[in-house]
Structure formats: C-alpha cells, structure tokens
Amino acid sequence: MTAHIERLIQQLDDSTGPSYDARAELIGIGSDAIPAIIDGLPSLGGFGQLTSIEVFEEVADPRCGPALIALLGSDDSTVREWAAMALASLQIDAAVEPLRRAYRACLERATPPDWSEPGGIRWALTELGDRSPVVPPLTARLRATAADDAPGWPSARFAEIINDLADHAQVILYSQFWRVDAGRTYGISGTGLDWELDWAGPWEHLVEESRTWSLLEASEAPADDNIFVAPTWIDRTDLCPER
C-alpha cells in the first residue's frame, strides 16, 4: 500500500488527467495517506501541491496543519493562497500568526489588496477569528432582512450599502452578483465595469474612488427580487496591520 500511495502522490503533478484519479483515490484512502502526502510535498510542483491541498481539505486531518503552514512560504502565490484558505477551513488555530506574517509579506511585495492572494488570507484570518470586518449599522440591518440563505444583500439596496460602507471609511474592492432561483444559487455577471484603485493614494481618496465606481455599478446592476450582491470591502487597518 505504501508504494501504491507514493505512486499516486507523484501522479498529482500530472495535469493531463491522472492527477484527478489520483486525487480521488487518495481522498478515498483518507487519513492513512496523509503522512505520505506530507512527506511528498517538497518533490511536487505547484500543480501537485495545489492538488494535495485539495486532498488535505477533503480528508480534514489536522496533521496537515504544519505542512500547510510551510506552504505559506511557497514561491507560488496560488499555493500560498490555497494553503491559507485550507488552514481556515480545517480550523488550524496555530496558523494565525503564520497567516499574519503571510499577509504582511503580501503588503511588503506591494500586492494590490484586491488581488486573490491577500483576499484569501484576509478570509482565512476572519474565519479563524483574528480579523473582524467593519460592518456599519445600516449594512448589518439590510443584511439581516435578507433570507437566511441569501448570498449577500438585495441588489435593489446596493447603493445604500455602498454609501453606508464609504461613510464608515470602508473601501469596496469588487462585488459579485448572485441569482437565487428555485432554491439554487447561481453566480451571474455584473455590469462589466472594471476599475483599478490607486493604492499609492491616501485612504480617503481610495474610499471616495471606490464609492464613485461602485455607485456607477449599482446604477446599472440588476435589481429584481431574486438578485443579490456580495460586495467585498476592507478597512484602513487591513493595509496597516499592527501585528
């Protein structure tokens, strides 16, 4: 069995097809495969490491924690992001300080805060209870009026949410629209607007710039009762973490 598991681990790097079957078989083997996958991680390329992270999440064995923490130092930004999110999904509390360091490293590399990696790390820190997003009163109230399983806020109230967030010095990074139909949720395209914030500017300018763009998006957004919007926003402290 050990030799078989080792062969499966090497197949995780093969993006032409074998990785999918190897991933499924390793998940089926479960915890018995985890030590060998951990040992094999250094020999895998980025694709194999990403597939390994998927196996770790599915098997949900806490022994994966140290290996995932080590992957936060990968040269591959996607590997770092997936490792961060897996640590949160598996509720590895010991990952909080390494995640803080990984986030600070993003800032030091001048990675834009609306890129995928810093967003994934912020999500992980939030899930582990180390980051508390600022949710202004009106935004919280409007969220509470939506159905329990709604994927965000009613699209018709989008402009109110934008102004509430901006009035409380929050910068909106982007928004995702969702349709709820017959109990199922579908991601839908938004207005097609795409903007880039000047992260070298003062925070107050970023707030107003994101307000302007988001209000333009809201003016063109679908607004029927089955459409919801999930904006992503950050606070000034997300660019200047003290720890």
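Notes on the structure in this doc start here.

### Some points on helix 11 (residues 203-220)
- Between its first and last C-alpha, helix 11 extends 26 Å over 18 residues, near the 26 Å set by a 1.5 Å rise per residue.
- Listed as buried for helix 11 are Trp-203, Leu-206, Val-207, Glu-209, Ser-210, Arg-211, Ser-214, Glu-217 and Ala-218.

### A closer look at helix 8 (residues 116-127)
- When the terminal C-alpha atoms of helix 8 are compared, their 16 Å separation across 12 residues agrees well with the 16 Å that a helix rising 1.5 Å per residue should span.
- For helix 8, the complete set of buried residues consists of Glu-117, Pro-118, Gly-119, Gly-120, Ile-121, Arg-122, Ala-124 and Leu-125.
- Buried positions along helix 8 lie against helix 6 (77-89), helix 7 (96-108), strand 2 (171-181) and strand 4 (227-234).
- With its phi angle positive at about 80°, Gly-129 sits one or two positions after the end of helix 8.

### Comments concerning the side chain of Ser-214
- Its location among the elements puts Ser-214 in helix 11.
- Owing to a relative accessible area of 0%, Ser-214 belongs among the buried residues under this scheme.
- With sequence-adjacent residues up to four places away left out, Ser-214 is seen in contact with Phe-158, Ile-162, Ile-172 and Trp-195.

Calculation rules
Residues numbered from 1 in each chain as written. Predicted model: local features only at pLDDT ≥ 70, side-chain atom pairs only at ≥ 80, totals over all residues. Heavy atoms only, no water. Helix = DSSP H or I, 4+ residues; strand = E, 2+ residues; numbered from the N terminus. Expected span 1.5 Å × (residues − 1). Buried < 20%, exposed > 50% of the residue type's maximum accessible area, 1.4 Å probe, protein only. Contact = heavy atoms within 4.5 Å.

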